[in-house]
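Examining the three-dimensional arrangement
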Amino acid sequence: MRIGELAGLVGVSTRAVRHYHHLGLLPEPERRANGYREYGLRDAVALARLRRLTELGLGLEEVRDVLADDSGRELHEVLAELDADLARQEEEIRTRRARLAALRQQAEEHGGLPAEGPVSDELAAMFREMARTSATLPGPEPAVAAKEREVLALLESAGDGAGERVAGLLGDFTAAPGAMERAYEVYGLLDALATVAPDDPQVERVAQAVADCIPDTMVAEVDAEQWARAADAGRETDGGFMAAYYAHFPPAQAEAMRRAIRLVAERAR
């Protein structure tokens with residue numbers, strides 16, 4: 001048989017056959033005097049086995065291991081590993097589908113998803129409350145409000161549960177009458193710092209307003225030393241996330257946020 005006949009018999013492409021030759025998975029056959037490969041039944045059997053193994057989901061390196069073990073023990077082990085991997089994938093798919101169903105229901109019930117989505121139901125509810133409050137106020141929404149949504153969505157994506165805990169705590173706080181309106185007043189104060197110097201007298205007043213907006217339940221979630229380290233992040237060490245958080249703001253806004261967190265640290269003591 002020529003390579004095209006072999007490939008057609010087994011149901012693979014000639015390119016695949018050549019690739020298997022290149023990887024050493026399929027031995028090169030004898031060549032005729034004219035230089036063409038001459039394939040026999042044994043080659044077809046080997047190629048068919050290669051195809052069956054790859055259709056099971058084995059990678060080519062795993063196929064190599066199987067073919068190297070004539071006793072079949074390696075095949076049994078690899079198939080067991082493959083079955084376990086497929087079971088994990090099934091569970092992941094079920095989890096993802098459940099998440100997608102929840103998001104679709106969220107979109108249907110509320111006329112769409114938040115721009116920062118997909119996010120949890122708790123965070124989506126908070127973002128809707130923010131949108132409702134913003135719609136009642138004159139002028140455009142403060143830029144700091146949009147930044148806060150971005151940061152909360154980022155925290156939730158971190159996977160350690162921090163974002164969900166923060167969203168839950170903030171959700172309880174913002175559910176209180178007038179709380180979201182007060183938060184938007186503070187967002188406006190922070191926006192006003194966008195073009196001033198970090199040592200402007202306004203900074204201290206805005207820092208106090210920000211600190212006053214942070215609920216006691218959230219303050220109690222973190223000990224005083226952690227709050228203090230968060231306030232100083234990036235000044236003496238690289239600071240990680242908090243240093244990046246401050247860098248996300250203009251200098252005076254960042255300074256106001258640092259001072260607010262320092263005030264919270266004092267409350268936590």
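Use the structure listed above.
Residues numbered from 1 in each chain as written. Predicted model: local features only at pLDDT ≥ 70, side-chain atom pairs only at ≥ 80, totals over all residues. Heavy atoms only, no water.

**Focus: the packing of aromatic side chains**
What counts is decided by this rule: Two aromatic rings from Phe, Tyr or Trp, using only the six-membered ring of Trp, form a pair when their centres are within 6.5 Å; if the ring planes differ by under 30 degrees the pair is stacked, by over 60 it is edge-to-face, and anything between is tilted. For every residue, the accessible area (1.4 Å probe, protein chains only) is compared with the maximum for its type, and the residue is labelled buried under 20%, exposed over 50%, or partly exposed between those bounds. The criterion is that NZ of a Lys, or CZ of an Arg, lies within 6 Å of the ring centre and within 35 degrees of the ring normal, and then a charge sits over that ring.
All told, the structure shown has four aromatic pairs when counted by the stated rule. When the ring of Y245 is compared with that of F249, the centres are 5.1 Å apart and the planes differ by 75°; the resulting orientation is edge-to-face. Per residue, the accessibility class of Y245 equals that of F249, and both read buried. What links up through ring pairs into an aromatic cluster is the set F241, Y245, Y246 and F249. The aromatic ring of Y36 is capped on one face by R2, whose charged end is 4.0 Å from the ring centroid.

**Concerning helix α7 (residues 143-157)**
Rules: Put simply, DSSP H or I for four residues or longer makes a helix, DSSP E for two residues or longer makes a strand, and each gets a number counted from the N terminus. Given the number of residues in a helix, its expected span is that number minus one, multiplied by 1.5 Å.
Taking 1.5 Å of rise per residue, the 15 residues of α7 would be expected to cover 21 Å, and the 22 Å separating its terminal C-alpha atoms lies within 8% of that figure. Every buried residue belonging to α7 is among V144, A145, R149, V151, L152, A153 and E156, and all of these are buried.

**What to know about the environment of A80**
Here A80 lies in helix α5 (residues 73-110). C-alpha separation for the pair A80 and G240, spaced 160 residues apart in sequence, amounts to 42 Å.

**Thoughts on the pattern of salt bridges**
Here is the rule we go by: Within this document, salt bridges are pairs made up of a side-chain nitrogen of Lys or Arg and a carboxyl oxygen of Asp or Glu, the two lying within 4 Å of each other.
This structure, assessed with the given rule, holds twelve salt bridges. Here R32 ties to E38 by a salt bridge, and the two come within 2.7 Å at their closest N and O atoms. Its relative accessible area of 30% is what places E38 among the partly exposed residues. Notably, a salt bridge pairs R64 with E61, separated by 3.5 Å at the nearest N-O pair. One end of the pair is R64 and the other is E61, both in helix α4 (residues 60-68) and three residues apart, which spans about a single turn. Looking at E61, the relative accessible area reads 52%, which means it is exposed. Salt bridges linked by common partners bring E129, R132 and E181 together as one network.

**Here's the deal with a negative patch on the surface**
Keep this limit in mind: Here a patch means residues that are over 30% exposed by relative accessible area and free of salt bridges, tied together within 9 Å if like-charged and within 5 Å if nonpolar (Val, Leu, Ile, Met, Phe, Trp, Tyr). Calculation of accessible area relied on Shrake-Rupley with a 1.4 Å probe; when residues are assessed, cover is drawn exclusively from the protein chains displayed. His is not counted, nor are the chain ends, whereas Lys and Arg count as positive and Asp and Glu as negative. A single reference atom marks each charge: NZ on Lys, CZ on Arg, CG on Asp, CD on Glu.
A contiguous patch of negative charge on the surface is contributed by E62, D65, E77 and E81. Those elements that provide at least two residues to the negative patch are α4 and α5. As for its placement among the helices and strands, E62 is situated in helix α4.

**What about helix α1 (residues 3-10)?**
Note the threshold: Taken from the helix axis, the directions to the C-beta atoms give the arc we talk about. Contacts are assigned to residue pairs that have any heavy atoms within 4.5 Å of one another.
Every buried residue belonging to α1 is among I3, L6, A7 and V10, and all of these are buried. Viewed end-on, α1 has its buried residues packed into an arc of 95°, placing them on one side of the element. Those residues of α1 that are exposed and aimed more than 90 degrees away from the buried face are G8 and L9. Structurally, α1 contributes buried residues whose contacts are with α2 (14-23) and α3 (41-55). At the exit of α1 stands G11, carrying a positive phi of roughly 90°.

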